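# Coordinates in review
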Amino acid sequence: MTNLVVEEGRVIGADLALAKEGPFGAAQPIERIAARAVLIASGGAGQVYSDTTNPAVATGDGIALAHVAGAELADMEFYQFHPTALSLPDAPRFLLSEALRGEGAWLRNDRGERFMEGVHPLLELAPRDVVARAIAREGIAENGAQRPVHLDMRHVRDIDLHQRFPGISAALARYGLDLARDLIPVRPAAHYLMGGIRTDLDGRTTLPGLYAAGEAACTGVHGANRLASNSLLEGLVFGARAAQAILADALPLQKPAAAPPAWQPLSPAEEQQVESLVGELQSSMWIHAGLLREEASMRAGLEDLSACEFRLREISAARGAQPAPSSRRLSEAHSLCHVARSILLSALARTESRGAHFRNDFPHRHDESFRKHSSFDRDRNVRFEAW
Ligand SMILES: Cc1cc2nc3c(=O)[nH]c(=O)nc-3n(C[C@H](O)[C@H](O)[C@H](O)COP(=O)(O)OP(=O)(O)OC[C@H]3O[C@@H](n4cnc5c(N)ncnc54)[C@H](O)[C@@H]3O)c2cc1C
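Remember, predicted model here, so these are calculated numbers, not experimental data.

### Some details on the sheet that holds strand S13 (residues 373-376)
Taken in spatial order, the 5 strands of this open sheet run S12-S10-S5-S13-S14, and their pairing is mixed. Looking at which strands have only one partner, the edges of the open sheet turn out to be strand S12 (217-218) and strand S14 (382-385). Across 2 bridges, the pairing between strand S5 (residues 73-74) and strand S10 (residues 196-198) is antiparallel. What sits directly across from Leu 73, in S10, is Ile 197.

In structure tokens:
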């Protein structure tokens, strides 16, 4: 899906870029589908960060398209970072589940210290956000260089680690690592977006005709810090509720205007340019809107973002495709920029620390002003409301 069709303030359809057939470089037709209702279930946006456990498709397309169409987003500052993803150069951020720490894994810094001792009474079993921030802090040397942090299970002797964790053991073996024998290098990675398209408890967004469910939606049930494994439940419950709401609302079918022109493919050099811009955006977001945030840094992140958007627009314009992007990757890059801006502006507006959102310059909770959800409206204003 590349676009939502809105007429008189209601979503009446969606545009789909048809999968490429024919010779390489052929134009990609856009099909416009009329719909009584559209449900967005396009998942999260972990790809906005350089370090993520999410798959490559998690580029926040549905969230960006809903916002462009006029729907409000909510709680976009609340991105959950999983504390322990595998940290090896050129390896994906493979998730090293909490179950490892549940079975006794310790966290050690590069001096061999169990640093969680000074951080939280529950040590390695402290909440996700606490452990993730502790690892992030341990991982930064005084000169700003990266210091390794490790998961250590070498002392766990009462269970067969390979039998208990066959998937993780097999994944680690590909890199010559063994849970029973080696220190496993870890770092936090963006994992789950608590925010998303604002919905009521029946999946209705603030834009008539548009519904959302799953990680793309923000029902508010996860607050500022989702508990592990609740997203499966959320998808099931709110997916079904949204379907019931669509049937109950029984909106009429309306014929939309003609579909926009086909996408003209980018050249390999242009695709490469888009790819490197995405990489720059991901690194900037990690630095400026990651686990430890502060105003000056987030403002620098906004500047990087504006530069990235400008260069992406140049690529579209050079191809005569403005404002429509002309490849899937370019479309995803626009989505990532959109999501990045909503995260940065929402995080700047929340001048406190709560759940997954931590600000070095406002390290405490401020319930009086901020025990509320943030809303990011069409005009990019952030406001806080209790709902
Ligand atoms: C490594 C890992 C482990 C996890 N473990 C757990 C767990 O143990 N328990 C738990 O509850 N949760 C877990 N989660 C979170 C959970 O998997 C996700 O929150 C959940 O899968 C989201 O489901 P969804 O249906 O909303 O989106 P997804 O499952 O992400 O599906 C979104 C779909 O939308 C498609 N899509 C995206 N953009 C477009 C577009 N523009 N047009 C058309 N289609 C599009 C994608 O290709 C994808 O098929 C884990 C997540 C990760 C990454």
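### With respect to the environment of Pro 127
Examined against the element boundaries, Pro 127 turns out to sit in the loop between strand S7 (106-108) and helix H3 (128-138). Here the alpha-carbon distance between Pro 127 and Asn 225, two residues 98 residues apart in the chain, equals 9.2 Å.

### Quick notes on the sheet that holds strand S8 (residues 149-152)
Here we have 4 strands laid out as an open sheet, ordered S6-S9-S8-S7, and antiparallel in their pairing. In this open sheet, the two strands that pair with only one neighbour each are strand S6 (79-86) and S7. Neighbour to neighbour, the strand axes of the sheet diverge by 40° on average, direction disregarded. Along the sheet, H3 contacts S6, S7, S8 and strand S9 (183-193); its crossing angle with S6, the most-contacted strand, is approximately 60°.

### Overview of the domain arrangement of the protein
Entries for the protein in the domain assignment read domain 1 (3-78 + 194-385) and domain 2 (83-188). Here the C-alpha centroids of domain 1 and domain 2 sit 31 Å apart. Contacts between the two partners involve 10 residues from domain 1 and, on the opposite side, 11 residues from domain 2. Of the residues contributing to the side of domain 1 that touches domain 2, the split by class is 5 nonpolar, 4 polar and 1 charged.

### Some details on the site of the ligand
Inspection of the region around the ligand gives 19 residues, with Gly 43, Asp 61, Gly 214, Ser 231 and Leu 232 positioned closest. Contributing elements (two or more residues each) for the shell around the ligand: helix H1 (61-69) and helix H6 (230-249). Considering each element in turn, the shell around the ligand owes the most residues, 4 residues, to H6. Counted by class, the shell around the ligand contains 7 nonpolar, 10 polar and 2 charged residues.

### Observations regarding the environment of Gln 47
When you line up the elements, Gln 47 lands in the loop between strand S4 (38-40) and H1. Taking the C-alpha atoms as reference points, Gln 47 and Gly 195, 148 residues apart in sequence, are found 15 Å from one another. Beyond its immediate sequence surroundings of up to four residues, Gln 47 is in contact with Thr 52, Asn 54, Ala 56, Ala 58, Thr 59 and Leu 336.

### Structural notes on the packing of H1 against helix H9 (residues 328-349)
One way to put it is that H1 packs onto H9 with a least axis distance of 8 Å and a crossing angle of 75°. Taken together, the axis directions place H1 and H9 in an arrangement best described as roughly perpendicular. Touching Asp 61, Ile 63, Ala 64 and His 67 of H1 are Glu 332, His 334, Ser 335, His 338, Val 339 and Ser 342, all from H9.

### Quick word on the nonpolar core
Residues Ala 66, Ile 197 and Ala 340 are the most contacted members of the largest nonpolar core, which totals 90 residues. Here the element with the most residues in this core is H9; it accounts for 9 residues. Filtering out sequence-adjacent residues up to four positions away, Ala 340 remains in contact with Val 48, Leu 281, Met 285 and Leu 305.

### So, unusual backbone geometry
Working note: non-glycine residues mostly have negative phi, and peptide bonds are mostly trans. Positive phi is not limited to glycine here, since Glu 8 has a value of about 45°. Structurally, Glu 8 can be placed in the loop between strand S1 (3-7) and strand S2 (10-17).

### Re H6
Between its first and last C-alpha, H6 extends 28 Å over 20 residues, near the 28 Å set by a 1.5 Å rise per residue. Within the span of H6, buried status applies to Phe 238, Ala 242, Ala 245 and Ile 246. All buried residues of H6 lie within an arc of 95° about the axis, which places them on one face of the element. Across from the buried face of H6, at angles greater than 90 degrees, the exposed residues are Leu 232, Leu 233, Leu 236, Gln 244, Leu 247 and Ala 248. Considering only its buried residues, H6 is in contact with S4, strand S11 (210-212) and S12. Following H6 by one or two positions, Ala 250 has its phi on the positive side, about 40°.

Cut-offs applied
- Residues numbered from 1 in each chain as written.
- Predicted model: local features only at pLDDT ≥ 70, side-chain atom pairs only at ≥ 80, totals over all residues.
- Pairing = 2+ DSSP bridges.
- Helix = DSSP H or I, 4+ residues; strand = E, 2+ residues; numbered from the N terminus.
- Axes fitted to C-alpha atoms, helices over the stretch in contact; angles between N-to-C directions.
- Contact = placed C-beta atoms within 7 Å.
- Domains from an automatic or database assignment.
- Nonpolar A, V, L, I, M, F, W, Y, C, P; charged D, E, K, R; others polar.
- Near = placed C-beta within 6 Å.
- Parallel < 35°, antiparallel > 145°, perpendicular 65-115°, else oblique.
- Core = buried A, V, L, I, M, F, W, Y, C linked by C-beta atoms within 7 Å.
- Buried ≥ 20, exposed ≤ 12 C-beta atoms within 10 Å, placed from the backbone.
- Expected span 1.5 Å × (residues − 1).
- Arc of directions from axis to C-beta.

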